[in-house]
Amino acid sequence: MGDRIPASEPVGLGDVVAGLRADGVELVELSFVDNAGNVRVKGVPLDRLPAAARYGVGASPCFETFTFDDVMVRGRYLGGPDGDLRLVPDLDRLVRLAAMPGWAWAPADKFTQDGDRFVGCQRDFAARQVRAAADDGLTAFAAFEHEWALGRADSEEFVPAFGGPGYGQMRLEATAEYARELVAALRAQGLEVQQFHPEYALGQVELSVAAVGPVTAADDAVLVRHTVRALSRRHGWRASFAPCLVPGGAGSGGHLHLSVRDADGNLFAGGSGPHGLRPAGESFLAGVLRELPALVAIGAGNPASFLRLEPSRWAGVWQVWGREAREAALRLITGTTGTQQWAANVEVKCFDGTANPYLAVGAVLAAGLAGAREGLALPAEVTGDPAALDERDRVAAGIHRLPTNAAAAADALAGSAVLAEAMGPELHDAMLTVRRAEAERYADAAPDEIVAATCWRW
């Protein structure tokens, strides 16, 4: 979508509306994700979709500085009670919701009342980074891993919906029909599911979808979670993508996978660098590695995130990289012999479900592009668990812990010139405003208080 609201009704929209009506659709949901990672929505009757596509649907810009628990704060540029935005649906992503009969969904782009692109539009931020990559001759592909826990719907506290060993067959037996219906629903909505399996934490499962363009990957993340929550309710369960449900236990991540290609192929395969990295691929990863402390504020900056971000839990709390290194925040996945050109990618392990997925993909892409332009070099990779080393050895090896609380992560984002430039002053400040407000309000909260406040917010 361009920098102005479309000047006329999209061609063929009447046929699209007729097709949706024939499928039983009566209402259309338009969604956007705020800076705290909450999905906000407006709905219109199906016959109002042409007007929404032409003129948008009104929404207050105050959501740019809402915290995760709906407290309104105000930033230097955005927030407060004044003004209005127009939410314009991206009709290329319009889809009938398989788990919510009678509804269709489309992600929305934000414009001003005058028709200009809104400076704080997170989806446009991701699209701008895709265009910046294209200007450098690069094309990126991305996908999120989705981990969530299923709890009993009759309890405000988290009570696991099933038991059994981590990754165990007993868990699969308990979720078999649920999984079958979920995969069918996602496929009906145009997503390619790659795998589903029980996970490690209590009541936890995981699903992966195929890599696509970065903006589409963020759209897919919203749609996957939407479908999971709706279908879980129909099974008498409640789904949570929150990073921690049991203090001291394993949590749920929202790992981002990314690969980058140029005219010669995958930057992370076929080269002479470590594990086949090409020079531009090494520099791209070095750029992401450099910005990881600031990226935590975007991808895992909620106070609850730091209950998950603990050493020796495969959460990626160390600012290091390594091939298949599950304690590293940046894990290089090369693929097996014969698959490297299409399979090699990098996983950002420290992210979780509190992230706005558009900001997550856009920020990682911006960090990597900066590294590629500067020709940065990667430090030596790390293997094993850095927590097993004493502090002196970690310092000597250049192994640093990522921010350990929301305030420190926000400070890292404030100090990132790369992300400040990529995001622009308005979006950068709004993100900082949200994270700092959340950090201040929960600075003295006990872990169980943080869990109680966050467990059903995502």
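Parameters and conventions
Residues numbered from 1 in each chain as written. Predicted model: local features only at pLDDT ≥ 70, side-chain atom pairs only at ≥ 80, totals over all residues. Heavy atoms only, no water. UniProt positions renumbered as here; feature names shortened; annotations may be inferred. Phe/Tyr/Trp six-rings, centres within 6.5 Å; stacked < 30°, edge-to-face > 60°. Helix = DSSP H or I, 4+ residues; strand = E, 2+ residues; numbered from the N terminus. Buried < 20%, exposed > 50% of the residue type's maximum accessible area, 1.4 Å probe, protein only. Pairing = 2+ DSSP bridges. Polar contact = N/O pair within 3.5 Å; in protein donor to acceptor, adjacent residues only side chain to side chain. Contact = heavy atoms within 4.5 Å. Core = buried A, V, L, I, M, F, W, Y, C linked by side-chain atoms within 4.5 Å. Domains from an automatic or database assignment. Buried area = accessible area lost by both parts, 1.4 Å probe. Salt bridge = Lys/Arg side-chain N within 4 Å of Asp/Glu carboxyl O. Nonpolar A, V, L, I, M, F, W, Y, C, P; charged D, E, K, R; others polar. 1 Å grid on protein atoms, 1.4 Å probe; cavity = no way out; pocket = protein on both sides within 12 Å on 5 of 7 lines; lining within 4 Å. Points joined across faces, edges and corners; volume = space filled by probe spheres on them.

You'll find the protein chain entered in an unreviewed UniProt entry as Glutamine synthetase, with Saccharopolyspora kobensis given as the organism. Quoted straight from UniProt, the Sequence similarities (unreviewed entry) entry for the protein chain says "Belongs to the glutamine synthetase family."

Centre-to-centre distance and the angle between the planes together describe a pair of aromatic rings. Applying the stated criterion across every chain, the model contains nine aromatic pairs. Taking 6.0 Å as the distance between ring centres and 65° as the angle between the ring planes, the aromatic pair formed by F32 and F63 counts as edge-to-face. Placement of F32 in strand β1 (residues 27-33) and of F63 in the loop between β3 (57-59) and β4 (85-89) is noted, with a sequence separation of 31 residues between them. The exposure class assigned to F32 is buried, which follows from its relative accessible area of 6%.

Burial analysis of strand β14 (residues 328-333) places six of its six residues in the buried class, which makes it a mostly covered element. Note: strand β13 (residues 318-323) against β14, four bridges, orientation parallel. Along β14, the bridge assignment pairs G322 with R331. Note that β14 and strand β15 (residues 345-348) share four bridges and pair antiparallel. Counterpart to R331 in the pairing with β15 is E347.

By the element assignment, S155 lies in the loop between β7 (139-152) and α4 (169-188). Owing to a relative accessible area of 17%, S155 belongs among the buried residues under this scheme. Among the polar contacts made by the side chain of S155, one reaches the main-chain carbonyl oxygen of E157 at a distance of 2.8 Å. For S155, the residues in contact, after removing those within four places along its chain, are R238 and W456.

Among the nonpolar cores identified, the biggest contains 121 residues, and W148, L207, F268 and L419 are the most heavily contacted of them. Structurally, this core is a two-domain feature, drawing no fewer than three residues from each of domain 1 (13-118) and domain 2 (128-455). When sequence neighbours within four positions are dropped, the list of residues in contact with L419 reads E291, A294, L295, I298, A363, A366, L413 and H428. Core analysis: the second largest hydrophobic core is formed by 19 residues, L13, V17, V28 and A59 among them.

Now for the domain arrangement of the protein chain. Taken domain by domain, the protein chain comprises domain 1 (13-118) and domain 2 (128-455). Between the C-alpha centres of domain 1 and domain 2 there is a distance of 25 Å. Both sides together, the interface formed by domain 1 and domain 2 hides about 2,500 Å², and carbon and sulfur atoms give 63% of it. The largest share of the area that domain 1 buries against domain 2 comes from N35, F68 and R93, three residues that together contribute 26% of it. For the pair domain 1 and domain 2, the number of links is three salt bridges. Of the charged contacts in the structure, one is a salt bridge between R93 and D219, with a shortest N-O distance of 3.5 Å. At the boundary of domain 1 with domain 2, the tally comes to 12 residue pairs in polar contact (both at pLDDT 80 or more). Elements with a contribution of two residues or more to the side of domain 1 that touches domain 2: β1, β5 (95-96) and β6 (103-112). Per-element accounting of the side of domain 1 that touches domain 2 gives the leading share, three residues, to β1. Looking at side-chain class alone, the side of domain 1 that touches domain 2 contains 17 nonpolar, six polar and eight charged residues.

On to empty space enclosed by the protein. Tallied over the entire structure, the rule returns one cavity of 30 Å³ or more. Approximately 60 Å³ is the volume found for the largest cavity. Along its surface, the largest cavity is lined by S31, F32, V33, P107, A108, D109, K110, C121, Q122, R123 and Y358. Counting residues per element, the ones that place at least two in the lining of the largest cavity are β1, β6 and α3 (122-135). Taken together, the residues that form the lining of the largest cavity break down as six nonpolar, two polar and three charged.

With that settled, the discussion passes to the layout of surface pockets. Looking at the largest pocket, its volume works out to about 1,200 Å³. Among the elements of the structure, β7, β8 (193-198), β9 (204-209), β11 (256-262), β14, α8 (340-343) and β15 are those that each provide at least two residues to the lining of the largest pocket. Here the lining of the largest pocket gets six residues from one element, more than from any other, and that element is β7. Of the residues belonging to the lining of the largest pocket, the class tally is 17 nonpolar, 16 polar and 12 charged. Taken as a whole, the second largest pocket spans an internal volume of roughly 580 Å³. Taken together, 24 residues make up the lining of the second largest pocket; nearest its centre are R229, R233, W456, R457 and W458.

By the definition in use, this model includes 30 salt bridges. One salt bridge in this structure joins D34 and R40, with 2.9 Å as the shortest N-O distance. Residue classification places D34 among the buried residues on the basis of a relative accessible area of 0%. By relative accessible area, which is 13% here, R40 ends up buried. If you follow the salt bridges from partner to partner, you end up with D90, R93, D109, R117, R123, D124, R128, R131, D219 and D220 in one network.

A separate point is the UniProt feature "domain: GS catalytic" (unreviewed entry) in the protein chain. As annotated in UniProt, the feature "domain: GS catalytic" (unreviewed entry) corresponds to residues 122-458 in the numbering used here. Along residues 122-458 one finds 44% helix and 16% strand; the C-alpha atoms at either end are 18 Å apart.

A word on the pairing of β1. When you tally the buried positions in β1, you get six out of seven residues, the bulk of the element. As paired elements, β1 and strand β2 (residues 39-45) share seven bridges and run antiparallel to each other. In the strand pairing of β2, V28 is matched with V44. A loop of five residues connects β1 with β2, the two strands running antiparallel in sequence, and G37 in this loop sits at a positive phi of about 90°. Both β1 and β6 contribute to a ladder of five bridges, which runs parallel. Following the sheet pairing, L30 is matched in β6 by A106.

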